[in-house]
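# Coordinates in review
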Amino acid sequence: MELPIVVGVDGSDASLRAVDWAVSEAGLRGLPLRIVYADVRARPGKGAAGLGSANPPDRDAARRMLERAARRAQGAGTEAKISTEAVGGDAVETLLDEARHAAALITGCRGRDTFVRLGRGINLSLAARAACPLIVVRGDATALSARHRRVVLGLGEAPVARPVVEFAFGAAEARNAVLEAVRAWRAPAHELRVHPLIVGDPPVHQRDRAVQLLEDALRGPAADHPKVVVRRAAVEGRVDTVLRTRSTTADLLVIGAKRHYGRTEPSLGRRIQALLQNSACPVAVVPHSP
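This structure is a prediction, so every number in the text was calculated from the model and none was measured. (Residues numbered from 1 in each chain as written. Predicted model: local features only at pLDDT ≥ 70, side-chain atom pairs only at ≥ 80, totals over all residues. Heavy atoms only, no water.)

## Quick look at the overall build of the chain
Note the threshold: Counting from the N terminus, the helices are DSSP H or I runs at least four residues long and the strands are E runs at least two residues long. Exposure classes here rest on a 1.4 Å probe applied to the protein chains alone. A residue is buried below 20% of its type maximum, exposed above 50%, and partly exposed in between. For this analysis, residues touch if any pair of their heavy atoms sits within 4.5 Å. Accessible surface area values rest on a Shrake-Rupley calculation with a 1.4 Å probe, where residue burial reflects the displayed protein chains alone.
When you go through the chain residue by residue, the secondary structure sums to 8 helices and 10 strands. Taking all 290 residues of the chain together, 49% fall into the buried category. Restricting to contacts in the chain with at least 6 residues of sequence separation, those with at least 24 account for 78%. Accessible area of the chain: about 14,200 Å², with a carbon and sulfur share of 50%.

## Things to note about the nonpolar core
Proteins that are soluble and globular tend to have nonpolar side chains buried together. Counted only if it meets this: What makes a nonpolar core is a set of buried Ala, Val, Leu, Ile, Met, Phe, Trp, Tyr and Cys residues whose side-chain atoms join them at distances within 4.5 Å.
Ile5, Leu33, Ile106, Leu153, Leu252 and Val254 are the most contacted members of the largest nonpolar core, which totals 49 residues. Apart from residues lying up to four places away in sequence, Leu33 is in contact with Ile5, Val7, Ala22, Val23, Ala26, Ala73, Lys81, Ile82 and Ser83.

## Some points on helix α4 (residues 122–129)
Buried within α4 we find Ile122, Asn123, Leu126, Ala127 and Ala128. The secondary structure elements touched by the buried residues of α4 are α3 (91–99), β4 (104–108), β5 (134–137), β9 (252–258), α8 (270–278) and β10 (283–288).

## Structural notes on the pairing of strand β7 (residues 178–185)
The cut-off we apply is this: Strand pairing follows a simple DSSP-based rule, namely that at least 2 bridges must link the two strands.
The buried fraction of β7 amounts to 8 of the 8 residues, a majority that puts the element mostly inside the structure. Judged from the 6 bridges that link them, strand β6 (residues 150–155) and β7 form a sheet pairing that is parallel. From the neighbouring strand, Leu153 faces β7, where its bridge partner is Ala181. As paired strands, β7 and strand β8 (residues 230–236) are joined by 7 bridges and run parallel to one another. Pairing of Arg183 across the sheet is with Ala234, part of β8.

Put into structure tokens, the structure is as follows:
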């Protein structure tokens, strides 16, 4: 059974833009689309249309919201199979549960948050804990129009997680887009001085190491996706600053997030948080093991 693309809605314009993006993603990947609304007022239990046993006003409001989202999706002319459901309970926990059975989870973003009506920091919580890739739909009309035909992959320190690279190649291939793999590097302060173990200019050493990391990370996936045009960029600067700049001319930014499953409270690095809040285009956060 094919896993669906799941998009969360809350009735805001931001979440409807996420529906637009999810429709396109489902079409590109040939997957069904599932639209989910988490109604914090609904109580668990069986009810008509899977809406639980909420009071009629709550149920009717949820149904109207989902119908509006479904009409918007159908209006895009998609061939994807569309299903909707309103689920009672906490928005984060509801979407985390959906993520266990999804190919990707998609949310909208309004300013520095998403699902503002239901709570703060939901995107950060989902990015830290979701079992599938989370795609936060950000950016202006140009960023969301897929006109750039460019996917940016942000690579961190070695070893680079294969699932993150594979996701980026798959996204570029589906869009017939160029994949730009970026490794930001900075020379540590102690290497700006003469170091007895480094021959030559220390910054050149750091740059060469970044170039080698790119080659090592891309070699296998590039062979598996021969049609994808790959550009490599080893750029001096802060990771979040470099990727934020590159996101201004990209259709999607792909980054990885380590999952420490033994921890009760997973957390995100500050740079990932900064990109989720400041990227100029949609951001895909792909989970992987340390």
